[in-house]
Number of protein chains: 2
Amino acid sequence: MKGIRQLAEHLQISTGTVSRALNGKADVNAETRRRVLEAAETLGYVPNQAGRSLRQGRSRTIGLMLSHDSMVGGASDTFFPLVINGLQEALSVHSLDLILLLCQRGEAPDDFLRRMVAQRIVDAMVISSTRLEDPRFPFLNKAGMPFVSLGRSHSATADNRWVDLDFEGIAERAVERLYQHGHRKIAVAAPDTDVQLAELFLDGYRRGLAHCGLDYDPDLVFRAEAHEQGGYAVGQRIIGLRNRPTAILLNAEMMSVGLYRSFGEAGLQPGRDLAIIAERESPVGRFLLPRLTCFRLDPIAVGQMLGKMLLSQLPAFADLYSDVPTTKIWPMELVEGESDPPPEKQSGLL
Amino acid sequence: MKGIRQLAEHLQISTGTVSRALNGKADVNAETRRRVLEAAETLGYVPNQAGRSLRQGRSRTIGLMLSHDSMVGGASDTFFPLVINGLQEALSVHSLDLILLLCQRGEAPDDFLRRMVAQRIVDAMVISSTRLEDPRFPFLNKAGMPFVSLGRSHSATADNRWVDLDFEGIAERAVERLYQHGHRKIAVAAPDTDVQLAELFLDGYRRGLAHCGLDYDPDLVFRAEAHEQGGYAVGQRIIGLRNRPTAILLNAEMMSVGLYRSFGEAGLQPGRDLAIIAERESPVGRFLLPRLTCFRLDPIAVGQMLGKMLLSQLPAFADLYSDVPTTKIWPMELVEGESDPPPEKQSGLL
DNA sequence: CTGAAAGCGCTTACAG
DNA sequence: CTGAAAGCGCTTACAG
C-alpha cells in the first residue's frame, strides 16, 4: 500500500474522506469510517509522516536529548530507561511518539540541539543533564520550542518546567543519619563538572553538617568523576589520609564499586571502616557486599510527570494538563543497606 | 527565519537556486553560492525536514531500534552507547542522522517496528537483540527497508547484513583456559530466553568441553537472567550443591556482581572457590575484587562496521562501500583479571 | 456527510 | 547559470 490516494481509489471515495475517517473526525458516516479503517488495516496503510508533518506543521513526535555521558554514566543502568518508559506512557495517551536524540561524544550539545530544532523533526523536547549555566534554556525559549527538563539550571526562567531529584534533601538527611550513628567526620564525593546536581548535593551536605553542629571541612570534599574509576580514586585518597573520615556520601552509586575495591585491596572493609551512603538505588548497589545504603525513587513516575508537564506546554493539550505542577523536586526515600551500620553493629564488627 | 521562500526573497533570487546552492549542486555560480550560504548561516536557516523528506522520498535519517531490555540489561553500561557512537561516526560522513527508537516495555517489538517502517520516518534501520527466530527479518525484507542487525538469527537471509560478537569462540576458549588451569568441572550460565547469543555461547561451551575431553553435564548449565539478580541466583544454587563446579563461564558480566555477593555471604571467595570468566569487559568488572577475567572488544569499531554495512545497503552509497563484508563475527580478546587464577595462585590462596 | 481544491516547504527536471 | 513550475502525501477550510 503506497499512499492515501491508492487507498481512496480502492475504496472509490475521495482522499479527503479517507483522511477524515482515519483521523477520527466527527463528520464521517459510521459505515464509511468502518470501511476505511478496515481497508487501512487490511492493506497495512499508515500515513506517511512527512506528508502529515508538512501539512499540519507538527510532527506528533517528541525528542529526548541524551548526551553520551548521561548514558555511559551510572544513570544508564535502569534510571534512564525507566524514565523513558514513563515518558512514553504519558505521551502515548495522545499518540505522540518519543524519539531519542543522542548527542555524539565530542559534538557540542548546543549545536546539536540547534540543528534538531531547526529541522523541525520534533514538536517538543525533553532535555537532561542540565548544567548550572545551560544555554539550551535560552535557546529553546527563544526558538519557541516547548520543552521540559530533567534537572534544574540557573538558566531556567519562571516559565520553564522541570523535574529534579531532591539532591539537597538526601545529602542533608544522609549527614544527619550518619551523625546519629556516631560519625563526626563525614566526607562527600561529587563530580567536578558544572553539572547542577553536584552543587545541590554539596549544599545539602553543608546544611546537614550545620544542623548537626559539625564544621565544614573542604578537605573532606572529594571531587571525582561519577563512575567506578572515580570512586576508586576517592578510596585511595581516603586510605592515604592520616586522619580518615569515618563516613562518606557518594552522589553517584557507581562510585561505590571502585570505592569498595580500593578498600578491599587495602584490607579494609567498606561499611565497617568507612560508612557509605550513596545517591541512588541500583541493581549493582543491591548486590554489593555490604549492600549499599542509598536513596530510592520511582523513575517511571518521574518520566510520567515529565510527560505531563510537557503536554501542559503544548497548545493542543494544555487544557487537559492545567493542574500539573510547573516544577517538581522529586522526593527520595532511604533504603537501608549494610554499608552504614548503626553504632551497635559497628562495634560488633570491630 | 521561516522557510526557503523567505530566504530567497531576502536574497532576491529564486528558491530553486537557493536550494541548489545549499545542497552543493555543481551548476551554481560561486558568488551566488557564497551569498546563499552566508545568508543561511546569518539568518539561521535550516531546511524543514518534512518538506525535504516529502519531496525526496527519503529522510536521511536512520533508526536504531532498541528494546527496553537491551538498555536495562548489563549492555547499557558502555557497550551500546559506544556502538552508537561508532554508528553515528560512520553515518555522519554522509550527513545521515541517527535516531533511537525505543520499544516500550510491554509493546510488541514487531508491531512497533511495523509502525516505524510504515511511517517512513527513517530510510533504514539498525536492529539489535536478535532472537533465534526473529520476525523482524522477514518483515523488513518484505517491506524493502534496508537494515543491518547487531546479532545473528536463523531468520536472516543470505542478503541480510549483520555483525555479531564471537560468543561461540570466547566460550570455547574460556573452557580451554580453565582446563589448562586444572579445572575439570566447569559450569556455564546463560539466559533462558531465546536470545540468539545464549545458544551460541552454549555451543562454544560444548565445543570447548569436547576439545578438552570433558563430558557435557546438563546439570552444570545454569539458566538465569542476564543481570545481578540472575548471577546471585546462580551463586546460591552452586553453593547448595554437594559436588560444586570449580569454575564457571558467565555470558553476561553483570551476573558476576550477584554471584560475588552470594559467595561473599556464604564466606566463600570468588576466584579462589570458583574461577569465573565473563563475557564482556565492563567498568564494573574492572573494579570488582577480584577483578573479573573477561573478553574485550572495541564497541566503537563494531558500530562503525554496522554503519558501513548499512551504507552498502543504501543505493545512494552502495558503490562507496562495495568492499564491506556482508557479515562479521567480531573477535574478542581475553583480558586477564583475578577471577580465574592459575593453579599456582590457587594453591597459594588456599 | 462528501468531494474538489488548495497548499504545507522543499527539490528537481526543464526551458532558456 | 538561473527561474518558473510541478509535485511529493497529506489535511482541511469550503462548497454543496
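Residues numbered from 1 in each chain as written. Chains lettered and ligands numbered in written order. Predicted model: local features only at pLDDT ≥ 70, side-chain atom pairs only at ≥ 80, totals over all residues. Heavy atoms only, no water.

In the nomenclature of an unreviewed UniProt entry, chain A corresponds to LacI family transcriptional regulator from the organism Martelella mediterranea.

(A) Summary view of the overall build of chain A. The number of helices and strands found in chain A is 15 helices and 12 strands. In terms of overall dimensions, chain A has C-alpha extents of about 85 × 40 × 40 Å along its principal axes. Looking at chain A as a whole, 56% of its 350 residues qualify as buried. Counted over contacts in chain A with a minimum sequence separation of 6, partners at least 24 positions apart contribute 67%. In the form shown here, chain A has an accessible surface area of approximately 14,900 Å², with 49% of it arising from carbon and sulfur atoms. Here chain A contributes 39 positive and 43 negative side-chain charges, whose respective centroids are spaced 5 Å apart. (Helix = DSSP H or I, 4+ residues; strand = E, 2+ residues; numbered from the N terminus. Buried < 20%, exposed > 50% of the residue type's maximum accessible area, 1.4 Å probe, protein only. Contact = heavy atoms within 4.5 Å. Areas by Shrake-Rupley, 256 points an atom, 1.4 Å probe, with all protein chains shown as cover. Lys, Arg positive; Asp, Glu negative; His and termini not counted. Charge placed at Lys NZ, Arg CZ, Asp CG, Glu CD.)

(B) Highlighting empty space enclosed by the protein. Overall, the coordinates contain three cavities of 30 Å³ or more when judged by the stated rule. Of the pockets and cavities examined, the largest cavity occupies roughly 220 Å³. In this structure, the largest cavity is lined by 15 residues; those nearest its centre are A:Q49, A:S53, A:I121, B:S53 and B:I121. Secondary-structure elements contributing two or more residues to the lining of the largest cavity are α4 (49-56) of chain A together with α4 (49-56) of chain B. Each pocket or cavity is described by its volume, and for the second largest cavity that value is around 40 Å³. Considering the residues around the second largest cavity, the lining is formed by A:L64, A:F80, A:V83, A:I84, A:L87, A:V126, A:L150 and A:L306. It is helix α6 (residues 79-92) of chain A that contributes the most residues to the lining of the second largest cavity, four residues altogether. Along the lines of polarity and charge, the residues of the lining of the second largest cavity split into eight nonpolar, no polar and no charged. (1 Å grid on protein atoms, 1.4 Å probe; cavity = no way out; pocket = protein on both sides within 12 Å on 5 of 7 lines; lining within 4 Å. Points joined across faces, edges and corners; volume = space filled by probe spheres on them. Nonpolar A, V, L, I, M, F, W, Y, C, P; charged D, E, K, R; others polar.)

(C) Quick look at the UniProt feature "domain: HTH lacI-type" (unreviewed entry) in chain A. On the UniProt side, "domain: HTH lacI-type" (unreviewed entry) is annotated at positions that read residues 2-56 of chain A here. The annotated region residues 2-56 of chain A carries 69% helix and 0% strand content, and the separation between its end C-alpha atoms amounts to 20 Å. (UniProt positions renumbered as here; feature names shortened; annotations may be inferred.)

(D) Quick peek at helix α9 (residues 167-180) of chain A. All names here are of chain A. Over its 14 residues, α9 extends 20 Å from the first C-alpha to the last, a length consistent with the 20 Å expected when each residue adds 1.5 Å. The buried count for α9 comes to 10 of 14 residues, which makes it a mostly enclosed element. Taken together, the buried positions of α9 are occupied by F167, E168, G169, I170, A171, E172, A174, V175, R177 and L178. Once α9 finishes, G182 follows within two positions and takes phi at roughly 100°, a positive value. (Expected span 1.5 Å × (residues − 1).)

(E) Highlighting the relation of the copies chain A and chain B. Aligned on chain B, chain A shows an RMSD of 0.0 Å; the corresponding rotation is 180° and the shift along the axis is 0.0 Å. Each copy turns onto its partner about a two-fold axis. The residues that chain A uses at the interface reappear at the interface of chain B in 100% of cases, marking a shared surface. (Least-squares fit on C-alpha atoms with pLDDT ≥ 70 in both.)

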